[in-house]
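Coordinate analysis (summary)
Here is what each chain is made of, one letter per residue.
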Amino acid sequence: MHPDIERVLLAREEIQERVRLLGTQISADYKGKEILAVGVLKGSVVFLADLLRVLTVPVEIDFIAVSSYGKASASSGVVRILKDLDRSITGRDVLLVEDIVDTGLTLNYLKEHLLSQQPAGLRVCALLDKPSRRRVPVEIDYLGFSIPDEFVVGYGLDYAGRYRNLPDICVLRREVYEGGR
Ligand code: 5GP
C-alpha cells in the first residue's frame, strides 16, 4: 500500500460491482432515450470511464470543469467554471456525473447552470456522498456509496493533484493534508 494511505475504504472489486449495478439501473431508466453524460473534471474521469462501458443505451459524453479548492481540501463554497461544455445541452437528457458530493455547493451550482440551458431532463449520478457535511440540500438520483466524513483519494479522486491513479478508494493519512483542511 502507498505510504500516504491510512486504509482502503472501498476496494476495487466492490467499486466495480456497484458501478455495474448503477449502469444496469441507469440503462433501464433511460430505455429508448439517449444520454448525454457530463463528467465533472477531473475527479469523475475514472468513474465515468467505467460507468460508460456498462451502459447499454446510446450515450455521448462532454465535460465541465469547475474551480477546485487548490491544495486545501476544505470546500470554500466558491464555484467558478473553468471549462464549459463543448456543445449545447438544450433538449438533451443530461446525466451529470460527479465523483463526490460533500457540502453540495458544487453540485447545486452545476445543476442550476445546466438547468438554465433547458435540457429535456437532468439527473445526477455521484460515486460518493458525505451526507454529514451537507450545507445545501441536493438530490442525487444515482449514488454509488455513502461514506463517513473522511478525506478520500484514489479512483480518480486527488489531493493536490495526486493519488488519482490508485485503483481503490482510500483514506488519506491526516499528516499528508494537515493544515490544509
Ligand atoms: P462540495 O461542493 O460538495 O463541497 O464539494 C465537492 C468537491 O469537493 C468534489 O468534487 C471534490 O473535488 C472535493 N471533495 C470533497 N470531499 C472530498 C474527498 O474526500 N476527497 C477528495 N479527493 N475530494 C473531495
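Since the structure is predicted, the reported quantities are computational estimates derived from the model, not experimental observations.

Now for the packing of aromatic side chains. Applying the stated criterion across every chain yields a total of 3 aromatic pairs. An aromatic cluster is built from Phe151, Tyr159 and Tyr177, whose rings are joined through pairwise contacts. The ring centre of Tyr30 lies 5.1 Å from the NZ or CZ of Arg123, which sits over that ring.

Turning next to the sheet that holds strand β7 (residues 142–146). Hydrogen bonding along the main chain pairs the strands of a sheet, whether they run parallel or antiparallel. Ordered by their spatial adjacency, 6 strands build an open sheet running β4-β3-β2-β5-β6-β7, and the pairing between neighbours is mixed. Edge positions in the open sheet fall to β4 (81–83) and β7, since each of these has one partner strand only. Sheet twist, expressed as the mean angle between neighbouring strand axes with direction ignored, is 30°. Bridge analysis of strand β2 (residues 35–41) against strand β3 (residues 59–66) gives 7 bridges, and the strand direction is parallel.

Moving on, we get to helix α3 (residues 105–115). Listed as buried for α3 are Leu105, Thr106, Leu107, Leu110, Lys111, His113 and Leu114. Packing partners of the buried residues in α3 comprise β2, β3, β4, β5 (93–101) and β6 (121–129).

Further remarks concern the side chain of Asp99. The residue Asp99 is located in strand β5 in this model. Although Asp99 lies buried, it forms no salt bridge, and the closest oppositely charged side chain, Arg164, sits 5.8 Å away as judged by the N-O distance. Discounting chain neighbours no more than four positions away, the residues touching Asp99 are Gly43, Ser44, Ala126, Leu127, Leu128 and Leu157.

Quick look at the side chain of Asp93 now. Within the element layout of this structure, Asp93 appears in strand β5. For the buried Asp93, no salt bridge exists, and the shortest N-O distance to an oppositely charged side chain is 4.3 Å, to Lys33. Residues in contact with Asp93, not counting those within four places in the same chain, are Tyr30, Lys33, Glu34, Ile35, Leu36, Ala120 and Gly121.

Strands sit in the order β1-β9-β8 across an open sheet of 3 strands; the sheet is antiparallel. Single-partner strands in this sheet number two, and they are β1 (5–10) and β8 (152–153). Bridge count between β1 and strand β9 (residues 169–172): 4 bridges; the pairing is antiparallel. By the bridge assignment, Val8 is partnered in β9 with Cys170.

About the thresholds
- Residues numbered from 1 in each chain as written.
- Predicted model: local features only at pLDDT ≥ 70, side-chain atom pairs only at ≥ 80, totals over all residues.
- Heavy atoms only, no water.
- Phe/Tyr/Trp six-rings, centres within 6.5 Å; stacked < 30°, edge-to-face > 60°.
- Lys NZ or Arg CZ within 6 Å of the ring centre and 35° of its normal.
- Pairing = 2+ DSSP bridges.
- Helix = DSSP H or I, 4+ residues; strand = E, 2+ residues; numbered from the N terminus.
- Axes fitted to C-alpha atoms, helices over the stretch in contact; angles between N-to-C directions.
- Buried < 20%, exposed > 50% of the residue type's maximum accessible area, 1.4 Å probe, protein only.
- Contact = heavy atoms within 4.5 Å.
- Lys, Arg positive; Asp, Glu negative; His and termini not counted.
- Salt bridge = Lys/Arg side-chain N within 4 Å of Asp/Glu carboxyl O.

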